[in-house]
Amino acid sequence: MPIIEARGLTKRFRRPVKPPGLGGALRHLVRPRYEDLTAVDGIDLSIEPGERVAYVGPNGAGKSTTVKLLTGILVPSDGEVRVRGIVPFANRIANARNIGVVFGQRTQLWWDIPVREAFRLLGDIYEVPDDAYRATVGELVEVLDLAPLLPVPARQLSLGQRMRCDLAASLIHSPPVLYLDEPTIGLDVAVKARFREFIRTMHARRGLTVLLTSHDLGDIEELCERMVMIDRGRIVYDGPFAELTRRFGYERSLHLLFSAPLPEAERVIHRAIGERAPVIIVQPDETSVTLTFDGRETSAGELIRDLATALPVADLRIEEPTAESIIRKLYEGTLSFDGADRSDRQAIRT
Amino acid sequence: MSAATSTPVVTSPGRRPRYLAIAVTAAQQAVAYRINTVAGIIGNFFWIAILYYLWRAAFAETTRIGSFTWSEMRTYILLAFGLNALIGFPTASRMMYAIRTGDIVIDMVRPLNYLRTQLAQVAGAAVLEGVTSFTIILALGIGVVQILPPASPFAAVLFVISVAMGFVTKFLFVFLVALLCFWTINAVGLNWAQLAVVNVLSGTLVPIELLPGWLRPVAEWSPLRGIVATPVGVYLGQDTGWDLTLMLGLQASWLVLLWTAADRAWPRAFRAVEIQGG
Ligand SMILES: Nc1ncnc2c1ncn2[C@@H]1O[C@H](COP(=O)(O)OP(=O)(O)OP(=O)(O)O)[C@@H](O)[C@H]1O
Ligand SMILES: [Mg+2]
């Protein structure tokens, strides 16, 4: 049975439309006008216990809004959502006991209170029994190496130190579900690596279900077997991260370097490959050219065979798409050969 | 790893009741704001001095103004500012700020009732901020201004009860005003307005019976009189018998009403306008 389940989950925000200036503000007072903004648009999501899911998408796609819907601090405009069988907004307090949350940009520690006191307060708030508290915090302190930070008030912590403490704080009551909203924002490479290690450890030890939003591909690649990508509030991809390169990795590039200047390479290439497959030709200068083609239609080998005799090829390089370039292109809607405009990409999802 | 096991870094001093723990933490936090507390005390001190000299001048001509003698008036001024300091300007600002910035999401993802959490925090802070300034003001009162003792031991007991009710009343009022922050950006303006209304209608600046005509009945029946006028009246023994019962009954009724209002208004305000910021 899924631990997190959403069906047709939708959130519309009502935003006041205020014309600029004082006149506009007054007009808004007299006759307020609003526009609806659909931040989350009919999302279907089903996450099994112990899954680690990366929730990605461009800025403003609706990731944080989804997390807030799952925590019960926002009420959906439409659709259903259940976390461990509980409807979060209807039963916010019961839901709160099951979840841990980290918002990267906000701390849940108390600014002027030593970390140790903050942990103790959280233990009190969640009514964690004494021995469970000692065991859990002991483990968290050990794994995250927090011992030197315990007497320090939150305001004196660096961002990375704060993040480690925040992570511990979110797990003091041993929740089965953990939401992480951009937890690695602003962290250096070493702290990021440590964070990923920590999540893996906790996952292995406790079977934690993790939903993580991030703009860092490393987080996604190293932590999550499953990736859900949303754009403008809709899911555009839901599947294994590795599958992404296989499925969308058909866009290949072939870079050729000539032994002599060849200004009209494009014409020559078109003549040489004829109708074999559509290619996009970019010639940055007279001695080189880049061909972008659809790997499903033709192969680099076939193209090279056609071109090797027609062009003075001195050197060549074949470029495979990286996950990063694929994701960037999905975000930008610039995958070639797919006619990949936004409405089409709806059909791509599994 | 070895460090964690050889020296026990995690001690567990035992679980505390949740809202008590929140109050204690808020008090610890308030220690960090002691500059604010001191500034508040100095501000209050000036108000007390100004009113003290104004009223002393007024009493030079006469022995009674309204029902007040000079010694009663001195006592009134001092207690009024002491009580009003229990929930200070910074406390109200913090409540509004949390709503403005969306920091309340942190409180909202916890298994806590928001109204009670806020009350616990305010009470915790008040124990430190308020009680410090209240004590200083009281010391000042007994030493310099020479205030009157409570009218009777019975009045003293009722005073304490009335102060407690007044405290929660002020909290609820500030809380309800803070909810307006869901709709307006101008938290500072709202806070000043709140302060002015409380100062007048609670009887802090001028005893209610001396307020000008139209304002007087409003202040007489408003919930805000429970913050200052009612407890100080009890202290001075101004009302007895039926009047006293009426005053305390009014205070208690408003308290229940405001609590219910706050409890219901909160989720609505929260839902009507969404939390700010990613
Ligand atoms: N309280 C709000 N009122 C009105 N609109 C909002 C509110 N919160 C979010 N939005 C809008 O909803 C959309 C989705 O926002 P959300 O914060 O969920 O994006 P996100 O995917 O988390 O983006 P980012 O990667 O930048 O954090 C945005 O267009 C945003 O402007
Ligand atoms: Mg976000």
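In this text the structure is predicted, and so the values were computed from the model without any measurement.

> Just to check I follow, could you spell out the overall build of chain B for this structure?
A count of helices and strands for chain B gives twelve helices and two strands. Helices and strands in chain B line up, N terminus first, as α-α-α-β-β-α-α-α-α-α-α-α-α-α. Against the 2.2 N^0.38 benchmark of 19 Å for 278 residues, chain B shows a C-alpha radius of gyration of 21 Å, consistent with a compact globule. Summarising its shape, the C-alpha atoms of chain B cover approximately 75 × 45 × 35 Å along the three principal directions. Across the 278 residues in chain B, those meeting the buried criterion constitute 51%. Considering only contacts within chain B whose residues lie at least 6 apart along the sequence, 80% involve residues at least 24 apart. For chain B, the exposed surface amounts to about 12,600 Å²; the carbon and sulfur share of it is 70%. Placing the 17 positive and 11 negative side-chain charges of chain B at their respective mean positions leaves the two points 10 Å apart.

> Help me understand helix α4 (residues 70–84) of chain B, please; the structure alone is not making it clear to me.
What sets the pattern is the α-helix's 3.6 residues per turn: residues three or four places apart point alike. Here α4(B) spans 21 Å end to end across 15 residues, near enough to the 21 Å set by a 1.5 Å rise per residue. Burial runs high along α4(B): 14 of the 15 residues are buried.

> Explain the nonpolar core here, please?
A general feature of soluble globular proteins is that nonpolar side chains tend to end up buried together. Counting 106 residues, the largest nonpolar core has A:Tyr179, B:Phe171, B:Phe175 and B:Trp266 as the members making the most contacts within it. It is helix α8 (residues 153–179) of chain B that provides the largest number of residues to this core, a total of 14 residues. With near-sequence residues (within four places) excluded, B:Phe175 lies in contact with B:Met95, B:Tyr114, B:Leu115, B:Gln118, B:Ala262 and B:Trp266. Residues A:Leu157, A:Val191, A:Val210 and A:Tyr237 belong to the second largest nonpolar core, which totals 64 residues.

> Looking at this structure, how should I read the site of ligand 1?
Around ligand 1, the surrounding shell holds 15 residues, and the nearest of these are A:Asn59, A:Gly60, A:Lys63, A:Ser64 and A:Thr65. Neighbouring residues of ligand 1 are distributed over chains A and B. Between ligand 1 and A:Lys63, the relevant distance is 2.7 Å, taken from an oxygen atom to a side-chain nitrogen or oxygen of the residue. Contact distances for ligand 1 include 2.5 Å between an oxygen atom and a side-chain N or O atom of A:Thr65. When ligand 1 is considered free in solution it has 640 Å² of accessible area, and contact with the protein chains removes 78% of it. For the shell around ligand 1, the secondary-structure elements that each account for two or more residues are β1 (4–16), β2 (34–47) and α2 (63–71) of chain A.

> Help me understand the packing of aromatic side chains, please; the structure alone is not making it clear to me.
Two measures describe an aromatic ring pair: the distance that separates the ring centres and the angle between the ring planes. Summed over the entire model, instances satisfying the criterion amount to twelve aromatic pairs over all chains. With a centroid separation of 5.5 Å and an interplanar angle of 40°, the aromatic rings of B:Phe59 and B:Trp70 are classed as tilted. Taken together, the residues B:Phe59 in helix α3 (residues 34–61) and B:Trp70 in helix α4 connect sequence positions eleven residues apart. In this pair, the class of B:Phe59 matches that of B:Trp70, namely buried. Through successive ring pairs, a cluster of aromatic residues spans B:Tyr52, B:Tyr53, B:Trp55, B:Phe59 and B:Trp70. Against the face of A:Tyr34 rests A:Arg14, its NZ or CZ located 4.0 Å from the ring centre.

> Would you mind going over the pattern of salt bridges with me for this structure?
Proximity of charged atoms lets side chains of opposite charge pair with each other. All names here are of chain A. Taken as a whole and judged by the stated rule, the model has 26 salt bridges over all chains. In this structure, aspartate 145 and arginine 194 form a salt bridge, with 3.4 Å as the shortest nitrogen-oxygen distance. In this pair, aspartate 145 is assigned in the loop between α5 (130–144) and α6 (159–171) and arginine 194 in helix α7 (residues 189–206), connecting sequence segments 49 residues apart. Among the charged side chains, a salt-bridge network with shared partners connects Lys192, Arg196, Glu197, Arg200, Asp216, Asp219 and Glu222.

> Looking at this structure, I do not really get a nonpolar patch on the surface. What am I missing?
Residues and elements named next belong to chain B. A cluster of nonpolar side chains, contributed by Val38, Ile42, Phe45, Phe46, Ile50 and Leu54, occupies part of the molecular surface with about 590 Å² of accessible area. Locating isoleucine 50 in the fold gives a position in helix α3. You can call isoleucine 50 partly exposed: its relative accessible area is 46%.

> Would you mind going over the confidence of the model for chain B with me for this structure?
Interpreting fine coordinate detail is not advised for predicted regions of low pLDDT. Residues and elements named next belong to chain B. Averaged over chain B, the pLDDT score is 84; the fraction of residues at 70 or greater is 92%. Mean pLDDT values over the elements of chain B span from 43, in helix α1 (residues 2–6), up to 94, in helix α11 (residues 229–236). A low-confidence stretch, residues 1–6 (pLDDT under 50), is modelled with three contacts involving residues beyond four sequence positions or located in other chains. Scored as a whole, the predicted complex attains pTM 0.82, and scored at its interfaces, ipTM 0.81.

> I would appreciate a short explanation of the pairing of strand β9 (residues 234–240) of chain A in the present structure.
It is a general feature of regular strands that their side chains alternate between the two faces of the sheet. All names here are of chain A. Of all seven residues that make up β9, five are buried, and the element is covered over most of its length. Relative to β9, strand β8 (residues 226–231) is paired through six bridges, and the arrangement is antiparallel. From the neighbouring strand, arginine 226 faces β9, where its bridge partner is proline 240.

> In this structure, what is going on with the side chain of A:Arg196? I would like to understand it.
Residues and elements named next belong to chain A. The topology assignment puts arginine 196 in helix α7. A distance of 3.2 Å separates a polar atom in the side chain of arginine 196 from a polar atom in the side chain of glutamate 222. Every residue in contact with arginine 196, bar those within four places of it in the chain, is listed here: Asp216, Gly218, Asp219, Glu222 and Leu223.

> Can you help me understand the sheet that holds β1(A) in this one?
Residue and element names in this part refer to chain A. The strand order across the open sheet formed by three strands is β2-β1-β4, and the pairing between neighbours is antiparallel. Of all the strands in the sheet, the pair left with one neighbour each is β2 and β4 (78–83). The average undirected angle you get between the axes of adjacent strands in this sheet is 30°. When β1 meets β4, the two strands line up antiparallel, connected through five bridges. Within β4, the position partnered with alanine 6 by the bridge is valine 81.

> Is there a simple way to think about the interface of chain B and chain A in this case?
By convention, interface size is frequently given as the accessible area that disappears when the constituent parts associate. At the interface, 38 residues of chain B touch 44 residues of chain A. Between chain B and chain A the total buried area reaches about 3,800 Å² when both faces are included, carbon and sulfur atoms providing 57% of it. One can count four salt bridges joining chain B with chain A. Of the charged contacts in the structure, one is a salt bridge between A:Asp124 and B:Arg15, with a shortest N-O distance of 2.7 Å. Viewed at the interface, chain A and chain B are joined by eleven residue pairs in polar contact (both at pLDDT 80 or more). Looking at the side of chain B that touches chain A, the elements that each hand over two or more residues are α2 (18–32), α6 (104–108) and α12 (241–272) of chain B.

Criteria and cut-off values
Residues numbered from 1 in each chain as written. Chains lettered and ligands numbered in written order. Predicted model: local features only at pLDDT ≥ 70, side-chain atom pairs only at ≥ 80, totals over all residues. Heavy atoms only, no water. Helix = DSSP H or I, 4+ residues; strand = E, 2+ residues; numbered from the N terminus. Rg over C-alpha atoms; globule rule 2.2 N^0.38 Å. Buried < 20%, exposed > 50% of the residue type's maximum accessible area, 1.4 Å probe, protein only. Contact = heavy atoms within 4.5 Å. Areas by Shrake-Rupley, 256 points an atom, 1.4 Å probe, with all protein chains shown as cover. Lys, Arg positive; Asp, Glu negative; His and termini not counted. Charge placed at Lys NZ, Arg CZ, Asp CG, Glu CD. Expected span 1.5 Å × (residues − 1). Core = buried A, V, L, I, M, F, W, Y, C linked by side-chain atoms within 4.5 Å. Near = heavy atom within 4 Å. Polar contact = N/O pair within 3.5 Å; in protein donor to acceptor, adjacent residues only side chain to side chain. Phe/Tyr/Trp six-rings, centres within 6.5 Å; stacked < 30°, edge-to-face > 60°. Lys NZ or Arg CZ within 6 Å of the ring centre and 35° of its normal. Salt bridge = Lys/Arg side-chain N within 4 Å of Asp/Glu carboxyl O. Patch = residues over 30% accessible without salt bridge, like charges linked within 9 Å, V, L, I, M, F, W, Y side chains within 5 Å. pLDDT = per-residue confidence, 0-100. Pairing = 2+ DSSP bridges. Axes fitted to C-alpha atoms, helices over the stretch in contact; angles between N-to-C directions. Buried area = accessible area lost by both parts, 1.4 Å probe.

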